[in-house]
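The primary structure of each chain is shown beneath.
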2 protein chains.
Amino acid sequence: MKRVPMKQERSQVTRDRLMRAAGEVFARAGYEAATLAEIAKRAGVTTGALYFTFEGKEDLAACLIEREAEIAYAAAQDALSRPGEALESMVRLSLDWANLIMTDPVVAAGVRLILECPDLLKEISMPYTHWVSTTEELLRRAQANGELSIPIDTSNIAFIFTSAFVGVDLLSGAVNAREQFITRLHVMWRILLFGVTDQTKAPRAVNLLATVAGST
Amino acid sequence: MKRVPMKQERSQVTRDRLMRAAGEVFARAGYEAATLAEIAKRAGVTTGALYFTFEGKEDLAACLIEREAEIAYAAAQDALSRPGEALESMVRLSLDWANLIMTDPVVAAGVRLILECPDLLKEISMPYTHWVSTTEELLRRAQANGELSIPIDTSNIAFIFTSAFVGVDLLSGAVNAREQFITRLHVMWRILLFGVTDQTKAPRAVNLLATVAGST
């Protein structure tokens, strides 16, 4: 006998479908141009059902940003607990996150909405500090391992690395070259890793990028 | 006898005051929260006079972005025609531009609106390609002078350098550390220049940053 879903399960299904549809519409059209009618239609629900689940456009956008932050946090925790080399984990995390930006509409929308609606963030923790602290922790491990050769503290390096990633994401989208995102990130890491490690040793950055690329 | 300004001059004065006031309001409040009433009040004109000069909020924002692009273009041309060393010109241009972002409300608003209202850009040339091509030209000169040691073409390096600057600007504002913007840029250049020049030679990047800092 086919099991009939409980009311609570049904509303969770509706919520998930709306989040996904909203992600697709916000990611493509941006906050201003996105309409609730299109989101409801794409989710296959009525606008009434949408208003039963979310208070409106601002609420939906805020929920997407929050969900994106949760996914980002989980990805970062995963990178921190992964065994192996710190610099490799750092590069891998950035490539994994780039892939999520390109394939998960909730993540793509979150990244776009953070830029377009900074006011929605007021009640949410700051979006980039979390990436900076994850990067800093990985850099600290690399430093403890004697891998950094630059006399700049890891929190400052982490700020620059995170900024560079956000900038590459932004410019790859802005100049309609999203498909080049991953290639750009390889160039970015080549420069950044050469900038903080000892070039006179083996070409560490090149080997590391080859390792990461070879295993994905 | 006191000269009475011509009608055309008067309307240019009104336009300039409105642009400045709009710059201040958009830079602080963002596109969504900014109101035409506040802009008119701050410019000391009636809302009617505002509508006589601009079609509305979107038009004002688009004009600010356009004006910011003109100022950016002039700054870049100035850097390209300045005699002296290419890498030094590149670093100096970034610091000059950072100072304009922090002191000129039209520039500050333009930079913010480009992020918040990407749709307004459709009829305007892309905002970042111009920075990439200026940076590329300066890197080409440095390369011709044998100063780059990395086997990556200058257009790719220029894309990463521009991305890093945009990211540092964004994160410095996003985490309420705008006052640290210039310090962050010094760290950024320390890493980026180490990443593309030969570290076994004199600490080129350090000297260059000291030169730029010492003369401003």
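Everything numeric in this text was worked out from a predicted model, so none of it was measured. (Residues numbered from 1 in each chain as written. Chains lettered and ligands numbered in written order. Predicted model: local features only at pLDDT ≥ 70, side-chain atom pairs only at ≥ 80, totals over all residues.)

Side note on the overall build of chain A
Rules: The numbering of helices and of strands both runs from the N terminus, where a helix is a DSSP run of H or I of at least 4 residues and a strand a run of E of at least 2. Labels follow a simple rule on C-beta atoms placed from the backbone: if 20 or more others lie within 10 Å of a residue's own, it is buried; if 12 or fewer, it is exposed; otherwise it is partly exposed. Our contact criterion uses C-beta atoms placed from the backbone: two residues qualify when those atoms are within 7 Å.
Secondary structure summary: chain A contains 10 helices and 0 strands in total. What you see in chain A, going N to C, is helices and strands ordered as α-α-α-α-α-α-α-α-α-α. Each of the 216 residues in chain A was classed as buried or not, and the buried ones make up 43%. For chain A, restricting intrachain contacts to residue pairs at least 6 apart in sequence, the fraction spanning at least 24 positions comes to 65%.

Focus on the packing of helix 4 (residues 57–81) of chain B against helix 5 (residues 86–103) of chain B
Residues and elements named next belong to chain B. Basically, it comes down to this: Between the N-to-C directions of two axes lies an angle of 0 to 180 degrees, each axis being a line fitted to C-alpha atoms and, for a helix, fitted only over the stretch in contact. Each angle is binned into one of four classes, with values under 35 degrees roughly parallel, values over 145 roughly antiparallel, values of 65 to 115 roughly perpendicular, and all other values oblique. In this scheme the crossing of two helices becomes right-handed for a clockwise turn of the near helix relative to the far one and left-handed for an anticlockwise turn of less than a right angle. Nonpolar residues are Ala, Val, Leu, Ile, Met, Phe, Trp, Tyr, Cys and Pro. Charged residues are Asp, Glu, Lys and Arg, and all others, Gly as well, are polar.
With their axes 10 Å apart at the nearest point, helix 4 and helix 5 run at an angle of 155° to one another. Put simply, helix 4 runs roughly antiparallel to helix 5. Between helix 4 and helix 5 lies a crossing of right-handed hand. Contacts between helix 4 and helix 5 involve Ile71, Ala75, Ala76 and Ala79 from the first element and Ser89, Arg92, Leu93, Asp96, Trp97 and Leu100 from the second. Among the residues making up the contact of helix 4 with helix 5, the classes are represented as 7 nonpolar, 1 polar and 2 charged.

With respect to the interface of chain B and chain A
On the side of chain A, 37 residues touch chain B, which itself brings 37 residues to the contact. If you list the elements that add at least two residues to the side of chain B that touches chain A, you get helix 1 (7–33), helix 6 (105–116), helix 8 (154–174) and helix 9 (181–196) of chain B. Top contributing element to the side of chain B that touches chain A by residue count: helix 8 of chain B, with 13 residues. Residues belonging to the side of chain B that touches chain A are distributed by class as follows: 23 nonpolar, 9 polar and 5 charged.

Observations regarding the relation of the copies chain B and chain A
Here is the rule: A least-squares superposition brings the copies together, and it is based on the C-alpha atoms of residues with pLDDT no lower than 70 in both.
In screw terms, the move from chain B to chain A is a rotation of 180° and a rise of 0.0 Å along the axis, fitting with an RMSD of 0.0 Å. What we have between these two chains is a two-fold relation. An overlap of 100% is found between the interface residues of chain B and their copies at the interface of chain A, pointing to a shared contact surface.

As for helix 4 of chain B
So the rule is basically this: A helix is expected to span 1.5 Å multiplied by its residue count minus one.
Taking 1.5 Å of rise per residue, 25 residues should cover 36 Å, and helix 4 of chain B covers 36 Å from first to last C-alpha, within 8% of that figure. Within the span of helix 4 of chain B, buried status applies to Leu60, Ala61, Ala62, Cys63, Leu64, Ile65, Glu68, Ala72 and Ala79 of chain B.

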